[in-house]
Amino acid sequence: MQTLLDVILPVFLVIGFGYVAVWRGFFPISGIDGVMRFTQGFAIPCLLFKAIAEIDLSNSFDPGLLVSFYAGATLCFIAGMAGARVLFKRDWEDCVAIGFCCLFSNSVLLGLPITERAYGADALTGNFAIVALHSPFCYGLGITVMEITRNRGKSPLLMARSVGRAMFRNGLVIGIALGFLVNVTGTPIPGVVNDALSLIIQAALPAALFALGGVLIQYKPEGDLRAIAMVCVIALILHPALMWGFGTTLSVPPDAFRSGVLTAAMAPGFNAYIFANMYGRARRIAASSVLLATLGSIFTVWVWLTLLQGI
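Residues numbered from 1 in each chain as written. Predicted model: local features only at pLDDT ≥ 70, side-chain atom pairs only at ≥ 80, totals over all residues. Heavy atoms only, no water.

**Considerations on the nonpolar core**
1) Next: Formed by 103 residues in total, the largest nonpolar core has its most connected members in Ile44, Leu47, Leu48, Phe100, Leu110, Phe128 and Phe275.
2) Next: Ranked by residue count, the leading element in this core is helix α2 (residues 29-54), at 12 residues.
3) Next: The contacts of Leu47, once residues within four sequence positions are left out, are Leu112, Phe128, Ile201, Ala204 and Leu205. (Core = buried A, V, L, I, M, F, W, Y, C linked by side-chain atoms within 4.5 Å. Buried < 20%, exposed > 50% of the residue type's maximum accessible area, 1.4 Å probe, protein only. Helix = DSSP H or I, 4+ residues; strand = E, 2+ residues; numbered from the N terminus. Contact = heavy atoms within 4.5 Å.)

Shown next as structure tokens:
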């Protein structure tokens, strides 16, 4: 219970403040849109840029962690697609969008603050390693499968262009790529620029959590509730369980193991709705899954944190 109070509830209270502020009319939806653009387009890319630029690449990117996390994510993507097709008889484009909801954990807005509160800022190395590949991997997989599904028989080059355009218009991917460039080349960040980045970064996660609450109020649980329940079970239970199993088999170090399990245990990120909206497929299921899984994760993350106490 103390873990719930000390680690999880402060994060969700900030989300709740955003939700109530918009619900009661204290903060306009247009303002939430602006805060979300600031955090997603500028503040969080700055956070990721600085983290990747300063991280020790040789020691931080544990292969066992990345294989465990992304093997689990891929299996969840396949499970979501198969479940949507076999259990709910959705067409293949809807199946890909539903599978993407099971694939894309909220690794930044929830994963980073919860891990930091649970284990401290020094424990985020594994999180940053996962986040560095998260958008490129998930968008690459989701868009590739969707484009193959939608454009059967078309040129592979055209599909590759679609994938590239979607990924490299993403501010998170750009921030990560620039961080890798600075890190690999050894280019120092000027002190004044570093101080400016630090100021922006301080606002990134609190503002993003507040904006997430304001965004969630726009969506009401609707659509196929059975499909939504399937997404929640896959995202909140199956993915961290797979990460746990693979991580144990591959002897992932304890700090990285905890980061991997907690990140895998996060609800689908808002990008799940963005992906569904981009293709006009399963939008109600995606929006409702983000909302209900985020609420459900208050309790499931508590369980995973409790299980991780012995690691």
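**Some points on a nonpolar patch on the surface**
1) Next: Taken together, the side chains of Tyr19, Val20 and Trp23 define a hydrophobic patch exposed on the protein surface, amounting to about 310 Å² of accessible area.
2) Next: Mapped onto the fold, Trp23 is located in helix α1 (residues 2-23). (Patch = residues over 30% accessible without salt bridge, like charges linked within 9 Å, V, L, I, M, F, W, Y side chains within 5 Å. Areas by Shrake-Rupley, 256 points an atom, 1.4 Å probe, with all protein chains shown as cover. Salt bridge = Lys/Arg side-chain N within 4 Å of Asp/Glu carboxyl O.)

**Considering the side chain of Asn106**
1) Next: Inspection of the secondary structure puts Asn106 in the loop between α5 (92-103) and α6 (107-119).
2) Next: For Asn106, a relative accessible area of 6% puts it in the buried group.
3) Next: Within the structure, the side chain of Asn106 is placed 3.2 Å from the backbone nitrogen of Leu109, a separation counted as a polar contact.
4) Next: Residue contacts for Asn106: discarding those within four places in its chain leaves Gly111, Leu212, Met266, Ala267, Pro268 and Gly269. (Polar contact = N/O pair within 3.5 Å; in protein donor to acceptor, adjacent residues only side chain to side chain.)

**Let's talk about the packing of aromatic side chains**
1) Next: Under the counting rule described, the total for this entry stands at 11 aromatic pairs.
2) Next: For the ring pair Tyr70 and Phe137, a centre distance of 4.7 Å and an interplane angle of 50° mean the geometry is tilted. Of this pair, Tyr70 sits in helix α4 (residues 63-86) while Phe137 is found in helix α7 (residues 125-150), placing the two residues 67 residues apart along the sequence.
3) Next: Residue Tyr70 is classed as buried on the basis of its relative accessible area of 7%.
4) Next: Each ring, one from Trp244 and one from Phe257, has its centre 5.2 Å from the other, and the planes form 80°; the classification is edge-to-face. A residue pair is termed long-range when its members are at least 10 positions apart, and Trp244 in helix α11 (residues 225-249) and Phe257 in helix α12 (residues 254-264) qualify at 13 residues.
5) Next: Among the aromatic residues, those joined into a cluster by ring pairs are Phe100, Phe104, Tyr139, Phe275 and Tyr279.
6) Next: It is Arg258 that lies over the ring of Tyr119; its NZ or CZ is 4.8 Å from the centre. (Phe/Tyr/Trp six-rings, centres within 6.5 Å; stacked < 30°, edge-to-face > 60°. Lys NZ or Arg CZ within 6 Å of the ring centre and 35° of its normal.)

**Examining the packing of α4 against α7**
1) Next: Relative to each other, α4 and α7 sit at 30°, their axes nearing to 11 Å. Crossing of α4 over α7 shows right-handed handedness. Counting all contacts with α4, which are made through Leu65, Leu66, Phe69, Tyr70, Thr74, Phe77 and Met81, the residues of α7 involved are Gly126, Ala129, Ile130, Leu133, His134, Phe137, Leu141, Gly142 and Val145.
2) Next: Here the residues of the contact of α4 with α7 sort into 12 nonpolar, 4 polar and no charged. (Axes fitted to C-alpha atoms, helices over the stretch in contact; angles between N-to-C directions. Left-handed = near helix turned anticlockwise from the far one by under 90°. Nonpolar A, V, L, I, M, F, W, Y, C, P; charged D, E, K, R; others polar.)

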